[in-house]
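Coordinate inspection notes
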Amino acid sequence: MWKTAEKQLKTISKQYAVRHMRKSLDTLNSLPKDLRKKVDKVLARFVAVIPPNISVEKKVALIYYVLTSQISYDYKGMDKERLPYTFISALCKKKAVCMGIAELFTYLCTLVGVKAVTVIGYAANTLQPSDLEDDGSLHAWCMVRLSDHRWYHIDATWDLHSVNQLNWRPRWFLLSDQELDRHYWIREDYPKARTRFQDKIDLNTKGVEILCTHWRNLIAEFE
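Below: a short report on this structure. Since the model is a prediction, treat every value here as computed from it, not as a measurement.

**Quick notes on the overall build of the protein chain**
Per the secondary structure count, the protein chain includes eight helices and seven strands. Taken over 223 residues, the protein chain has a buried fraction of 48%. When the accessible surface of the protein chain is summed, it comes to about 11900 Å², and 49% of that surface belongs to carbon and sulfur atoms.

**Some points on the pattern of salt bridges**
Following the criterion strictly, the structure yields five salt bridges and no others. Close ionic contact of Asp202 with Lys200 constitutes a salt bridge, the shortest N to O distance being 3.7 Å. Residue class for Lys200 comes out exposed when judged on its relative accessible area of 70%. Across the pair Arg216 and Glu209 runs a salt bridge whose closest N-O atoms are separated by 3.1 Å.

**Section: the packing of aromatic side chains**
Two aromatic rings are characterised by how far apart their centres lie and by the angle between their planes. Evaluated as defined, the whole model comprises eight aromatic pairs. Ring pairing ties together the aromatic residues Tyr64, Phe105 and Phe173, which thus form one cluster. The residue whose ring lies beneath Arg171 is Trp172, and the NZ or CZ to ring-centre distance is 4.0 Å.

**Thoughts on the side chain of Gln70**
Relative to the assigned elements, Gln70 resides in helix 4 (residues 56-70). One polar contact links Gln70 to Ser69, side chain to side chain, over a distance of 3.2 Å. Not counting chain neighbours up to four residues away, the residues in contact with Gln70 comprise Lys94, His161, Cys212, Trp215 and Arg216.

**Focus on the packing of helix 3 (residues 33-48) against helix 8 (residues 205-219)**
At a closest axis distance of 10 Å, the pairing of helix 3 and helix 8 adopts a crossing angle of 170 degrees. Taken together, helix 3 and helix 8 sit at an angle that is classed as roughly antiparallel. Residues Val42, Arg45 and Phe46 of helix 3 lie in contact with helix 8, whose contacting residues are Leu211, His214, Trp215, Leu218 and Ile219.

**Side note on unusual backbone geometry**
Phi at His149 takes a positive value of approximately 65 degrees, unusual for a residue other than glycine. In this fold, His149 is placed in the loop between strand 4 (136-145) and strand 5 (151-154).

**Details of the packing of helix 2 (residues 16-30) against helix 6 (residues 98-111)**
At a minimum axis separation of 11 Å, helix 2 and helix 6 run at an interaxial angle of 85 degrees. Taken together, the axes of helix 2 and helix 6 are roughly perpendicular relative to one another. Between helix 2, through Tyr16, Ala17, His20, Met21, Ser24 and Leu25, and helix 6, the contact on the second element is made entirely by Met99, Glu103 and Tyr107. When its residues are assigned to classes, the contact of helix 2 with helix 6 shows six nonpolar, two polar and one charged.

Reading the values: rules and limits
Residues numbered from 1 in each chain as written. Predicted model: local features only at pLDDT ≥ 70, side-chain atom pairs only at ≥ 80, totals over all residues. Heavy atoms only, no water. Helix = DSSP H or I, 4+ residues; strand = E, 2+ residues; numbered from the N terminus. Buried < 20%, exposed > 50% of the residue type's maximum accessible area, 1.4 Å probe, protein only. Areas by Shrake-Rupley, 256 points an atom, 1.4 Å probe, with all protein chains shown as cover. Salt bridge = Lys/Arg side-chain N within 4 Å of Asp/Glu carboxyl O. Phe/Tyr/Trp six-rings, centres within 6.5 Å; stacked < 30°, edge-to-face > 60°. Lys NZ or Arg CZ within 6 Å of the ring centre and 35° of its normal. Polar contact = N/O pair within 3.5 Å; in protein donor to acceptor, adjacent residues only side chain to side chain. Contact = heavy atoms within 4.5 Å. Axes fitted to C-alpha atoms, helices over the stretch in contact; angles between N-to-C directions. Parallel < 35°, antiparallel > 145°, perpendicular 65-115°, else oblique. Nonpolar A, V, L, I, M, F, W, Y, C, P; charged D, E, K, R; others polar.

In structure tokens, the structure reads:
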């Protein structure tokens, strides 16, 4: 069922995400100088409040919580301009398509010292896709390397607005290759996620709300 996807993805190759990030950075550099500086400062001020001594798992969870609760999917802009496909849109406009959301997550992880990559693949829109053209689409998500030195999948786009303070149970967070059963990617191009993440990540409710409020205040500077 994924033959069409495999052919297209092999053409795109694993370097697509790297090239796309470079284009996003070029887009950032093409913006007015004061806006470029503001983007850099906002990102720096956000990651500065994430304690450097907490575990990799908690850093990843905090970033994931903020992005999935504060960013929306840009349905209207995706066919009109390129900006929704970049982390700049996810940051400045509070909305983007999957590529922009994945890029911002990867970028923020990198800023706090967490190894992360953006994955390019396909995602099925139904549980049992029969035809790729009808039931699947090109998609982007992330992989992170945790303190156990193992890699896991993260799809923030599919978890947008599905998490809340009282019930930290995102569906598409820290999954193995096997658990990501509705996604397809060229596996040899990316790290292997062989195991299921078993540990529980406890987030401090008050701390999460403070971080979300801090994010909203920072993003408001772009309005």
